[in-house]
Amino acid sequence: MSDRLICQVYRSPRRDETYLYVDRGEGLARVPEALLERFGKPEPSMVLVLTPERRMARVEASEVIRLVREQGFYLQMPPPRDPSMLDLYRAPTEGRY
């Protein structure tokens, strides 16, 4: 089995920063129906050639390859929000700034 995987990446129309990686040759065939219902109608985003050495921002490419081969997909969720950053957008509750 090759270390290379050609992935089709889909964007969720319902959830910002949520992506579904699948083997381009298999498409969405192995993605559970319940996941697709929550994800929304998958919107094609890009095609990537993944190798274990490829640098990715949020996950190791080797982990994406492993999960796509084992379960048929990899679901990338948005990063957790930092609660302290939310304070920047709250209105001040006191009269001083």
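Everything below is about the structure printed above this text.
In this report, we go over the structure that sits alongside the text. (Residues numbered from 1 in each chain as written. Predicted model: local features only at pLDDT ≥ 70, side-chain atom pairs only at ≥ 80, totals over all residues. Heavy atoms only, no water.)

Burial analysis of strand β1 (residues 5-11) places 5 of its 7 residues in the buried class, which makes it a mostly covered element. Relative to strand β3 (residues 43-50), β1 runs antiparallel, the two being bridged by 7 bridges. Bridge pairing in β3 links Y10 to P44. Here 5 bridges tie β1 to strand β2 (residues 19-23), and the two strands are oriented antiparallel to one another. Pairing of Y10 across the sheet is with L20, part of β2. (Buried < 20%, exposed > 50% of the residue type's maximum accessible area, 1.4 Å probe, protein only. Helix = DSSP H or I, 4+ residues; strand = E, 2+ residues; numbered from the N terminus. Pairing = 2+ DSSP bridges.)

Here we take up the pattern of salt bridges. Side-chain pairs of opposite charge can arise where the charged atoms are in close proximity. The tally for this structure, following the rule as stated, stands at 5 salt bridges. The closest approach of N and O atoms between R30 and E26, which form a salt bridge, is 3.2 Å. We classify R30 as partly exposed; its relative accessible area is 33%. (Salt bridge = Lys/Arg side-chain N within 4 Å of Asp/Glu carboxyl O.)

Once that is clear, we can look at the sheet that holds strand β4 (residues 74-76). Across a sheet, paired strands are connected by hydrogen bonds in the backbone, their directions being either parallel or antiparallel. One open sheet accounts for 4 strands, arranged β3-β1-β2-β4; its pairing is antiparallel. Since the sheet does not close on itself, it has two edges, and those belong to β3 and β4, each with one partner. This sheet shows a mean twist of 25° between the axes of neighbouring strands, independent of strand direction. Helix α2 (residues 61-71) rests against β1, β2, β3 and β4 of the sheet, and its axis sits at about 65° to β2. (Axes fitted to C-alpha atoms, helices over the stretch in contact; angles between N-to-C directions. Contact = heavy atoms within 4.5 Å.)

Another aspect to go through is a nonpolar patch on the surface. Taken together, I6, V47 and V49 make up a surface patch of nonpolar side chains, about 200 Å² in accessible area. Mapped onto the fold, V49 is located in strand β3. A relative accessible area of 38% means that V49 is categorised as partly exposed. (Patch = residues over 30% accessible without salt bridge, like charges linked within 9 Å, V, L, I, M, F, W, Y side chains within 5 Å. Areas by Shrake-Rupley, 256 points an atom, 1.4 Å probe, with all protein chains shown as cover.)

Let's shift gears to the side chain of S12. Relative to the assigned elements, S12 resides in the loop between β1 and β2. Note on S12: relative accessible area 5%, which makes it buried. For S12, the residues in contact, after removing those within four places along its chain, are T18 and F39.

For the rest of this paragraph, the subject is unusual backbone geometry. Phi is positive for E17, close to 60°, though the residue is something other than glycine. Counting through the fold element by element, E17 comes out in the loop between β1 and β2. The exposure class assigned to E17 is partly exposed, which follows from its relative accessible area of 31%.

A separate point is the packing of aromatic side chains. Counted by the stated rule, this structure contains 1 aromatic pair. With a centroid separation of 5.6 Å and an interplanar angle of 65°, the aromatic rings of Y21 and Y74 are classed as edge-to-face. Here Y74 lies in strand β4 and Y21 lies in strand β2, a separation of 53 residues in the sequence. The same class applies to Y21 and to Y74, which are both buried. (Phe/Tyr/Trp six-rings, centres within 6.5 Å; stacked < 30°, edge-to-face > 60°.)

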